[in-house]
Amino acid sequence: MKTASKSDSFVKVKNHANLYVRGGIFYARLSVHRKKTFRSLRTTKKKEALERLLALRTGRRADIDRRCEPTLHQAVDEAIAFRVQKQGAKRGPSELSEEHQTQLMKVKALYPDNLLSSFTSEDLMEPIANLKRMDTGEPAALTTRKKLFEAVKGAYSRAVKLKQIEDNPLADIEAGNPPRRERRNPTREGLEEICQTIEELFGKRPKGGRVACGKGAALTVRFLAWSGMRLREAQAVKWKDIQDGRIKIYGTKTDRSRRSLDISPSLQQVLDDIASVYGCEPEANVMPVKTVLKYLAEACAHLGRPKLIHHDLRSFFVTTCCVAGVPADAVAAWIGDTVETVMRVYLQTNAEQRAQAAAKLV
């Protein structure tokens, strides 16, 4: 916003008491401790100036502060901080995740730090459409662009709700769903082969540790594969969350994330194995290691298999359940997603599984 020079004089706005303009910026003429003074309304728009003047007269200072239009960087920063604070109210104190920090970094790299109202929908969409990977220079993944779009759109939506701006240029634009990713889920035998390879490759005990890290990583892979949980959800599960044959899951990704998972015999065997090695104190985390990506990558490379990630383990769970005849709505309730997502994203049968399913039709 432009600033007024001290040499500029205050000019009264015609037909509006106590409203003045200097250097294009509107001011309110107020009486503070019986002394007349000018207070900036921090806007160059007459309509906003009149609204803020009215707010000053009625004493609604909070509304005045809320109506101050932020820059795009500030709006995204505040929107993400508000989201994290809201999650913290449900789960306890929370900090910005690495994903949130990455989103802020990308927004600041893609867009100038201008006021929200200065951007058009084209100004906002073009940088996202042309986003490239920092390491290879190739086009960024659709999921990455979708998350960045949602962060920017969410910042505008919040600013409209707080009456900081009037319109959201992205209101009528929807981010397209990423194309279906073809996965090569392992069979049960293949999963066990991968876990055994992890134990062999990472069989050494960590410094000061009691259990070989390969053993813990293999148990973690089995836990994710037979529970279908998202990685962050699995990381948060404690032994006290397991009661009466169910696991209480306190996820926050979607409206369905807070749920209960019925424990299958395969999952129960994994839980028993973890408890026998690590114990099962109520406040202790169930999952032995925090992440399994490096273990999965090296084991798959060693076996000459396509690389697997934790999302593939979730897909393995869904596919195994559906092939076994579990109704899709039950699977959706277990994984905290919709039936449409189960069928479109996670269900990935191979030729052998399809043949087995066909044999059941009589």
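Values in this document were obtained by computation on a predicted structure and should not be read as measured data.

## Remarks on the overall build of the chain
For step 1, the next point in the chain: Counting its regular elements, the chain contains 15 helices and 7 strands.
For step 2, the next point in the chain: Here the chain holds 362 residues, and the buried ones make up 38% of them.
For step 3, the next point in the chain: Here the analysis covers contacts within the chain between residues at least 6 apart in sequence; of these, 57% occur between residues at least 24 apart.
For step 4, the next point in the chain: Accessible area for the chain stands at about 21200 Å²; split by element, carbon and sulfur atoms hold 51% of it.

## Some remarks on helix α6 (residues 142–161)
For step 1, the next point in the chain: The end-to-end C-alpha distance of α6, which contains 20 residues, comes to 28 Å, matching closely the 28 Å that a straight helix rising 1.5 Å per residue would cover.
For step 2, the next point in the chain: Considered for burial, the residues of α6 that qualify are R145, L148, F149, A151, V152, K153, A155, Y156 and A159.
For step 3, the next point in the chain: K163 sits one or two residues past α6 and shows a positive phi near 65 degrees.

## Description of helix α7 (residues 188–201)
For step 1, the next point in the chain: With 14 residues, α7 should reach 20 Å at 1.5 Å per residue; the first-to-last C-alpha distance of 20 Å fits that figure.
For step 2, the next point in the chain: The elements touched by buried residues of α7 are α8 (213–227), α11 (293–303) and α12 (310–323).

## Some details on the nonpolar core
For step 1, the next point in the chain: Within the largest apolar cluster, 47 residues are counted, with the highest numbers of intra-cluster contacts made by I198 and F223.
For step 2, the next point in the chain: The leading source of residues in this core is α8, at 8 residues.
For step 3, the next point in the chain: Once you skip the residues sitting within four places of it in the chain, F223 turns out to touch M229, A234, L267, V270, L271, I274, V286 and M287.
For step 4, the next point in the chain: Grouped together as the second largest cluster of nonpolar side chains are 23 residues, L72, V76, I80 and V84 included.

## Things to note about the pairing of strand β6 (residues 246–250)
For step 1, the next point in the chain: Side-chain alternation along β6 places I247 and I249 on a buried face and R246, K248 and Y250 on a face that remains uncovered.
For step 2, the next point in the chain: Pairing of strand β5 (residues 242–243) with β6, which is carried by 2 bridges, proceeds in the antiparallel orientation. The residue of β6 that forms the bridge with Q243 is R246.
For step 3, the next point in the chain: Joining the antiparallel neighbours β5 and β6 is a turn of 2 residues, in which D244 adopts a positive phi near 55 degrees.
For step 4, the next point in the chain: Here β6 pairs with strand β7 (residues 258–262) via 5 bridges, running antiparallel. Bridge pairing links Y250 to R258 in β7.

## Side note on the confidence of the model for the chain
Detailed reading of the predicted model is not advised wherever pLDDT is low.
For step 1, the next point in the chain: Residue-level pLDDT values for the chain average 83, and 86% of them are 70 or greater.
For step 2, the next point in the chain: Scored below 50 in pLDDT, residues 61–66 shows 9 contacts in the model against residues more than four places distant or in partner chains.
For step 3, the next point in the chain: In the model, residues 89–94 has pLDDT below 50 throughout and makes 6 contacts with residues more than four positions away in sequence or in other chains.

## Some remarks on unusual backbone geometry
Negative phi is the rule for most residues except glycine; trans is the rule for most peptide bonds.
For step 1, the next point in the chain: Notably, N15 is not glycine yet its phi reads approximately 70 degrees, a positive angle.
For step 2, the next point in the chain: With a relative accessible area of 70%, N15 lands in the exposed category.
For step 3, the next point in the chain: Phi is positive for K163, which is not a glycine, with a value near 65 degrees.
For step 4, the next point in the chain: Looking at where K163 falls in the secondary structure, it is placed in the loop between α6 and α7.
For step 5, the next point in the chain: Judged by its relative accessible area of 55%, K163 falls in the exposed class.

## Here's the deal with the packing of helix α4 (residues 98–110) against α6
For step 1, the next point in the chain: Contact pair α4 / α6: the axes reach a minimum separation of 10 Å and the direction vectors enclose 80 degrees. On the basis of the axis angle, α4 is roughly perpendicular to α6. Contacts between α4 and α6 involve E99, Q103, K106, V107 and L110 from the former and T144, K147, L148, A151 and V152 from the latter.

## Considering the packing of aromatic side chains
For step 1, the next point in the chain: A complete count under the given rule lists 7 aromatic pairs for this structure.
For step 2, the next point in the chain: A ring pair is formed by W226 and F316, whose centres lie 5.3 Å apart and whose planes are at 85 degrees; its orientation type is edge-to-face. Taken together, the residues span a long stretch of sequence, with W226 in helix α8 and F316 in helix α12 at a distance of 90 residues. Residues W226 and F316 agree in their burial class; the two are buried.
For step 3, the next point in the chain: Between F317 and W334, the aromatic rings sit 6.4 Å apart at their centres with planes inclined by 55 degrees, giving tilted as the arrangement. Residue F317 is located in helix α12, and its partner W334 is located in helix α13 (residues 328–335); the two are separated by 17 residues in the primary sequence.
For step 4, the next point in the chain: Assessed through its relative accessible area of 19%, W334 is described here as buried.
For step 5, the next point in the chain: Among the aromatic residues, ring-to-ring pairing joins F10, Y20, Y27 and F38 into one connected group.
For step 6, the next point in the chain: The ring of F82 carries R158 above its face, with NZ or CZ at 4.8 Å from the centroid.

Rules used in this analysis
Residues numbered from 1 in each chain as written. Predicted model: local features only at pLDDT ≥ 70, side-chain atom pairs only at ≥ 80, totals over all residues. Heavy atoms only, no water. Helix = DSSP H or I, 4+ residues; strand = E, 2+ residues; numbered from the N terminus. Buried < 20%, exposed > 50% of the residue type's maximum accessible area, 1.4 Å probe, protein only. Contact = heavy atoms within 4.5 Å. Areas by Shrake-Rupley, 256 points an atom, 1.4 Å probe, with all protein chains shown as cover. Expected span 1.5 Å × (residues − 1). Core = buried A, V, L, I, M, F, W, Y, C linked by side-chain atoms within 4.5 Å. Pairing = 2+ DSSP bridges. pLDDT = per-residue confidence, 0-100. Axes fitted to C-alpha atoms, helices over the stretch in contact; angles between N-to-C directions. Parallel < 35°, antiparallel > 145°, perpendicular 65-115°, else oblique. Phe/Tyr/Trp six-rings, centres within 6.5 Å; stacked < 30°, edge-to-face > 60°. Lys NZ or Arg CZ within 6 Å of the ring centre and 35° of its normal.

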